[in-house]
Amino acid sequence: LRFPQKLWKMLESGLFRSIWWSNSEKCLAINEDLFKEEVLGREGPMQVFATRNMNSFTQQLNNYGFSKIHPDFNRSPSLTEFLAEEAAASTHSKVLYYYNPRFNREKPYLLEQCKRRVQMKRKALDALKMCEEHPSKSPKVQ
């Protein structure tokens, strides 16, 4: 499975307390401390993602078009979301919220459009190659 499909399956399984649907099931919420232990801390056949590092996991989210958001602090209408948010707040854990327009529980058919972005480094190298091949199109340096 690709990263977004693994993430979706994880959210839908109900097996993890560290990650849940939020904001009317349009965003995902991650209790960072619990997620590091419960998900990224797994090894061997129980390992969910290829990384055990939170920064690498966050980079994967970014690579697939997720943006970190700061939710308005209106209470969620969903009891499950409310309880998860309350539990995280009571332990003083950091809850991270991410949004991707193609990652929406009410629209699972959009998941196939959730693709990995082209690396910025690759784009920069392509631009450099273009400048070398077509010097007349290069920006003038003064």
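Analysis parameters
Residue numbers restart at each chain and count upward from 1, following the sequence in its written direction. Only residues with pLDDT of 70 or above have their local features reported here, since the model is predicted, and side-chain atom pairs are shown and tallied only from 80 upward, although totals for entire chains, interfaces and linings are computed over all residues. Just so you know, side-chain values use all the structure's heavy atoms and leave hydrogens and water out. UniProt positions are given in the numbering used here, feature names are shortened, and annotations may be inferred rather than shown by experiment. Helix and strand definitions follow DSSP, with helices as H or I runs of at least four residues and strands as E runs of at least two, each counted in order from the N terminus. Residue burial is assigned from relative accessible area. The probe radius is 1.4 Å, only protein chains are included, and a residue is buried under 20% of its type maximum, exposed over 50%, and partly exposed in between. Contacts are residue-level and defined by heavy atoms, with any inter-residue pair within 4.5 Å sufficient. The Shrake-Rupley method, run with a 1.4 Å probe sphere, supplies the accessible areas, and residue values consider only the shown protein chains as cover. For Phe, Tyr and Trp, where Trp contributes only its six-membered ring, two rings pair if their centres lie within 6.5 Å, and the inter-plane angle classes them as stacked under 30 degrees, edge-to-face over 60, or tilted in between. Side-chain atoms alone can form a polar contact between residues adjacent in sequence; in general such a contact is a pair of N or O atoms within 3.5 Å, and within protein one must be able to donate a hydrogen while the other accepts it. The salt bridge definition used is simple: a Lys or Arg side-chain nitrogen within 4 Å of an Asp or Glu carboxyl oxygen. At least two DSSP bridges between two strands are needed for those strands to be called paired. Here an axis means a line fitted to C-alpha atoms, over the contact stretch when the element is a helix, while the angle between two N-to-C directions is reported on a 0 to 180 degree scale.

The name given to the protein in an unreviewed UniProt entry is HSFY1 protein, and the organism recorded there is Piaya cayana. Per its UniProt entry, the protein bears the Subcellular location (unreviewed entry) comment "Nucleus".

Participant: For the overall build of the protein, give the residues involved together with the corresponding values.
Facilitator: When helices and strands are tallied, the protein shows five helices and four strands. For the protein, the succession of helices and strands along the chain, N to C, is α-β-β-α-α-β-α-β-α. Taken across its 142 residues, the protein has 35% of its residues classed as buried. Of the contacts made within the protein by residues no fewer than 6 positions apart, 62% connect residues no fewer than 24 positions apart. Taken as a whole, the protein presents about 9700 Å² of accessible surface, with 54% of it coming from carbon and sulfur.

Participant: Describe helix H1 (residues 3-13), and please don't skip the residues or the numbers.
Facilitator: Every buried residue of H1 is accounted for by Phe 3, Pro 4, Gln 5, Leu 7, Trp 8, Met 10 and Leu 11. In this fold, the buried residues of H1 make contact with strand E1 (19-22), strand E2 (27-31), helix H2 (32-40) and helix H3 (54-63). Just downstream of H1, Gly 14 is the residue with a positive phi angle, here 75°.

Participant: Now, about the packing of aromatic side chains: what can you tell me, with residues and values included?
Facilitator: Under the defined criterion, the tally for this structure stands at nine aromatic pairs. On the numbers, 5.1 Å between centres and 80° between planes, the contact of Trp 8 with Trp 21 is edge-to-face. With a gap of 13 residues between them, Trp 8 in helix H1 and Trp 21 in strand E1 connect regions that are remote in the sequence. Look at Trp 8 and you get buried, because its relative accessible area is 13%. Summarising the aromatic geometry, the rings of Phe 66 and Phe 103 are spaced 5.1 Å apart at their centres and angled 65° between planes, so their arrangement reads as edge-to-face. Here Phe 66, found in the loop between H3 and strand E3 (67-69), pairs with Phe 103, found in the loop between strand E4 (95-99) and helix H5 (120-133); they are 37 residues apart in sequence, far enough to count as distant. With respect to class, Phe 66 is no different from Phe 103; both count as buried.

Participant: Which residues make up H3, and what are the values?
Facilitator: Along H3, the positions that sit buried rather than exposed are Met 54, Phe 57, Thr 58, Leu 61 and Asn 63. Where H3 is buried, its residues touch H1, E2, H2 and E4. A side-chain oxygen of the first residue of H3 lies 2.7 Å from the backbone nitrogen of Asn 55; this N-cap is Asn 53.

Participant: Any chance you could break down the pattern of salt bridges for me, citing the residues and the numbers?
Facilitator: In a structure, side chains of opposite charge can pair up when their charged atoms sit close to one another. In total, this model carries five salt bridges according to the counting rule given. Salt-bridge contacts for Lys 94 lead to Glu 32; the nearest nitrogen and oxygen are separated by 3.9 Å. Remark: Glu 32 occurs in helix H2 and Lys 94 occurs in the loop between helix H4 (79-90) and E4; sequence separation between them is 62 residues. Glu 43 is paired through a salt bridge with Arg 52; the nearest N and O atoms lie 2.7 Å apart. Under the relative-accessibility criterion, Glu 43 is labelled exposed at 52%. Each of the salt bridges in this network shares a partner with another, and the network as a whole consists of Glu 12, Glu 25 and Arg 105.

Participant: Before we move on, could you go through the sheet that holds E2 and cite the residues and values that matter?
Facilitator: In a beta sheet, neighbouring strands are held together by backbone hydrogen bonds and run either parallel or antiparallel to one another. Spatial ordering of the open sheet is given by E1-E2-E4-E3, a layout of four strands whose pairing is antiparallel. The open sheet has two edge strands with one neighbour each: E1 and E3. When the angles between neighbouring strand axes are averaged without regard to direction, this sheet yields 35°. The strands touched by H1 are E1 and E2; relative to E1, the strand with the most contacts, the crossing angle is about 90°.

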